[in-house]
Amino acid sequence: RIQRRAIRCRHDMEALNSSFLSIFESLVPAEEEKAKQMQFLLSLQNLVNKEWPNAKLHLYGSCANSFGVSKSDIDVCLAIDDHDLSKSDILLKLADLLRSGNLQNVQALTHARVPIVKLIDPVTGLSCDICVNNLLAVVNTKLLKDYAQIDKRLHQLAFLVKHWARSRRVNETYQGTLSSYAYVLMCIHFLQLRKPAILPCLQAMDATYTVTVDNTKCTYFDQVERLRAFGVRNKESIARLLWAFFHYWAYHHDYTNDVISIRRGSIISKRAKDWTRRIGNDRHLICIEDPFSISHDLGRVVDKFSIKILREEFERAADILQYDTNPCVTLFQPYVA
Ligand code: ATP
Ligand code: MG
């Protein structure tokens, strides 16, 4: 199935760049939105500290990793040392507390894969999910945010890819397609492998940041302000990168043998990770290694039906960017069943 087509990109690609950049601009949230989020977080923190004076709230996910589009949900992690209560009990108690604080639609989902309390803030209308002690997510949020500060093309590419994935309904993990987190990792990996590289591999550099979370040591170089010029030798425009990204996933990625790894900044083999066959529900049909939880394949949600859908969408996107007369519109046309 791999067609190693060495195809040249269309001659008017550069002319499309400003249109893609305007779409990117329209997706970036306004500054007021950030301020509202922080205010909301502060009010939650006050409420939580009434019951647990030492507990802390951390933002994670797209509201903190800089890859959040306008009106994204807010992901919050409650960091708490309460050895007397189980995680479920903490969530149930938290839900009561939130209800007493007049938050709306408070629901404790104690049996979800990642147990959370969901709620809506009546003041801002923001929806929010709160999990307990999921600190690895807080650390991978920082890693993504740090990568985003190195070269602005990551930000632009990831916003456009996320926008495409949402429009085409391939950003739904419960339907067997990929999470936003997985798409951002795919973008980082892609930019690490451009020639010349647009992003470095922070985990392969001397560590300036080290934390140990749930027995996992997380270390990498986080002084990213020193890397602002890293990608300057590569002059590729965002339109060209978007085209190359979809071409890679449509026609060049080796789905049978390869795993993408931002931890290594290279492809690694499925064989080396023992991801060559289905184990339980993990099918490893598209393999994306988590940067810290390295036994964790973010593609594990993908099954034999959804892999076909995903690959057809990558091919559709690549072909539109190659041939369509109005790719900035066609690419994002909503999927209708
Ligand atoms: P969106 O804009 O769609 O809300 P998001 O960046 O919040 O995007 P999600 O996929 O909702 O992305 O994930 C939220 C956060 O949870 C991620 O930033 C990541 O820290 C963590 N996360 C999500 N999925 C996983 C996973 N499978 N393994 C580890 N961490 C994950
Ligand atoms: Mg989110």
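Described below are features of the structure shown in this document. (Residues numbered from 1 in each chain as written. Chains lettered and ligands numbered in written order. Predicted model: local features only at pLDDT ≥ 70, side-chain atom pairs only at ≥ 80, totals over all residues. Heavy atoms only, no water.)

### Quick look at the overall build of the protein
Turning to step 1, where the next piece is worked out: Counting its regular elements, the protein contains 10 helices and 10 strands.
Turning to step 2, where the next piece is worked out: Relative to the globule expectation of 20 Å for 337 residues, the C-alpha radius of gyration of the protein, 21 Å, shows essentially globular dimensions.
Turning to step 3, where the next piece is worked out: With respect to the principal axes defined by its C-alpha atoms, the protein has extents near 60 × 45 × 45 Å.
Turning to step 4, where the next piece is worked out: In the protein, buried positions account for 52% of the 337 residues.
Turning to step 5, where the next piece is worked out: A fraction of 63% describes how many contacts in the protein between residues 6 or more apart in sequence connect residues 24 or more apart. (Helix = DSSP H or I, 4+ residues; strand = E, 2+ residues; numbered from the N terminus. Rg over C-alpha atoms; globule rule 2.2 N^0.38 Å. Buried < 20%, exposed > 50% of the residue type's maximum accessible area, 1.4 Å probe, protein only. Contact = heavy atoms within 4.5 Å.)

### Brief notes about the packing of aromatic side chains
Turning to step 1, where the next piece is worked out: Within this structure, the stated rule accounts for 13 aromatic pairs.
Turning to step 2, where the next piece is worked out: Joined through ring pairs, the aromatic side chains of Trp164, Tyr183, Phe190, Phe245, Phe246, Tyr248, Trp249, Tyr255 and Phe314 make up one cluster.
Turning to step 3, where the next piece is worked out: Here lysine 142 stacks its cationic end above the ring of tyrosine 209, 4.7 Å away from the centre of that ring.
Turning to step 4, where the next piece is worked out: The ring of tyrosine 255 carries the charged tip of arginine 311 above its face, separated from the ring centre by 3.9 Å. (Phe/Tyr/Trp six-rings, centres within 6.5 Å; stacked < 30°, edge-to-face > 60°. Lys NZ or Arg CZ within 6 Å of the ring centre and 35° of its normal.)

### Examining the pairing of strand 7 (residues 216-220)
Turning to step 1, where the next piece is worked out: Only one face of strand 7 is covered, namely the face carrying Thr216, Cys218 and Tyr220; the face carrying Lys217 and Thr219 is uncovered.
Turning to step 2, where the next piece is worked out: Pairing geometry for strand 6 (residues 209-213) and strand 7, over 5 bridges, is antiparallel. Note on strand 7: the bridge partner recorded for threonine 210 is threonine 219.
Turning to step 3, where the next piece is worked out: In this antiparallel pair of consecutive strands, strand 6 and strand 7, the connection spans 2 residues, and aspartate 214 shows a positive phi of 45°. (Pairing = 2+ DSSP bridges.)

### Topic: the nonpolar core
Turning to step 1, where the next piece is worked out: Judged by nonpolar contacts, the single largest core of 76 residues is most densely connected at Phe20, Trp164, Phe246 and Phe314.
Turning to step 2, where the next piece is worked out: Elements supplying a minimum of two residues to this core: helix 1 (13-27), helix 4 (135-148), helix 5 (152-167), helix 6 (180-192), strand 6, strand 7, helix 7 (238-252) and helix 9 (306-323).
Turning to step 3, where the next piece is worked out: When residues of this core are assigned to domains, at least three fall in each of domain 1 (13-27 + 151-204 + 231-330) and domain 2 (31-136).
Turning to step 4, where the next piece is worked out: Not counting the four nearest positions on each side in its chain, tryptophan 164 is found in contact with Val170, Tyr183, Phe246, Glu313, Phe314, Arg316, Ala317, Leu331 and Phe332. (Core = buried A, V, L, I, M, F, W, Y, C linked by side-chain atoms within 4.5 Å. Domains from an automatic or database assignment.)

### As for the sheet that holds strand 1 (residues 56-60)
Turning to step 1, where the next piece is worked out: Sheet architecture is open: 5 strands sit in the order 1-2-5-4-3, paired in mixed fashion. Two strands close off the open sheet at either side, each with one partner strand: strand 1 and strand 3 (104-109). On average, each strand axis in the sheet is inclined to that of its neighbour by 25°, with strand direction left out of account.
Turning to step 2, where the next piece is worked out: Set on the sheet, helix 3 (residues 87-100) makes contact with strand 2 (74-79), strand 3, strand 4 (116-120) and strand 5 (127-132); between it and strand 3 the angle comes to about 175°.
Turning to step 3, where the next piece is worked out: Against the sheet, helix 4 engages strand 1 and strand 2, with an angle of about 45° to strand 1. (Axes fitted to C-alpha atoms, helices over the stretch in contact; angles between N-to-C directions.)

### Looking at the pattern of salt bridges
Turning to step 1, where the next piece is worked out: Evaluated as defined, the whole model comprises 15 salt bridges.
Turning to step 2, where the next piece is worked out: Its salt-bridge partner being arginine 240, residue glutamate 236 comes within 3.6 Å of it at the nearest N-O pair.
Turning to step 3, where the next piece is worked out: A relative accessible area of 14% means that glutamate 236 is categorised as buried.
Turning to step 4, where the next piece is worked out: When salt bridges that share partners are traced, they join Lys142, Asp146 and Asp222 into one network. (Salt bridge = Lys/Arg side-chain N within 4 Å of Asp/Glu carboxyl O.)

### Describing the site of ligand 1
Turning to step 1, where the next piece is worked out: The immediate surroundings of ligand 1 are formed by 17 residues, with Ser62, Asn140, Lys162, Arg166 and Ser180 found nearest.
Turning to step 2, where the next piece is worked out: In the environment of ligand 1, an oxygen atom lies 2.9 Å from a nitrogen or oxygen atom belonging to the backbone of serine 62.
Turning to step 3, where the next piece is worked out: The side chain of serine 180 places a nitrogen or oxygen atom 2.5 Å from an oxygen atom of ligand 1.
Turning to step 4, where the next piece is worked out: Protein contact buries 78% of the 600 Å² of open area that ligand 1 shows by itself.
Turning to step 5, where the next piece is worked out: The site holding ligand 1 turns out to be the largest pocket.
Turning to step 6, where the next piece is worked out: The set of elements that each furnish at least two residues to the shell around ligand 1 consists of helix 4, helix 5 and helix 6.
Turning to step 7, where the next piece is worked out: Broken down by element, the shell around ligand 1 gets its largest block of residues, 3 residues, from helix 4.
Turning to step 8, where the next piece is worked out: Both domains that furnish three or more residues to the shell around ligand 1 are identified here as domain 1 (13-27 + 151-204 + 231-330) and domain 2 (31-136). (Near = heavy atom within 4 Å. Polar contact = N/O pair within 3.5 Å; in protein donor to acceptor, adjacent residues only side chain to side chain. Areas by Shrake-Rupley, 256 points an atom, 1.4 Å probe, with all protein chains shown as cover. 1 Å grid on protein atoms, 1.4 Å probe; cavity = no way out; pocket = protein on both sides within 12 Å on 5 of 7 lines; lining within 4 Å. Sits in = over half its atoms within 2 Å of the grid points.)

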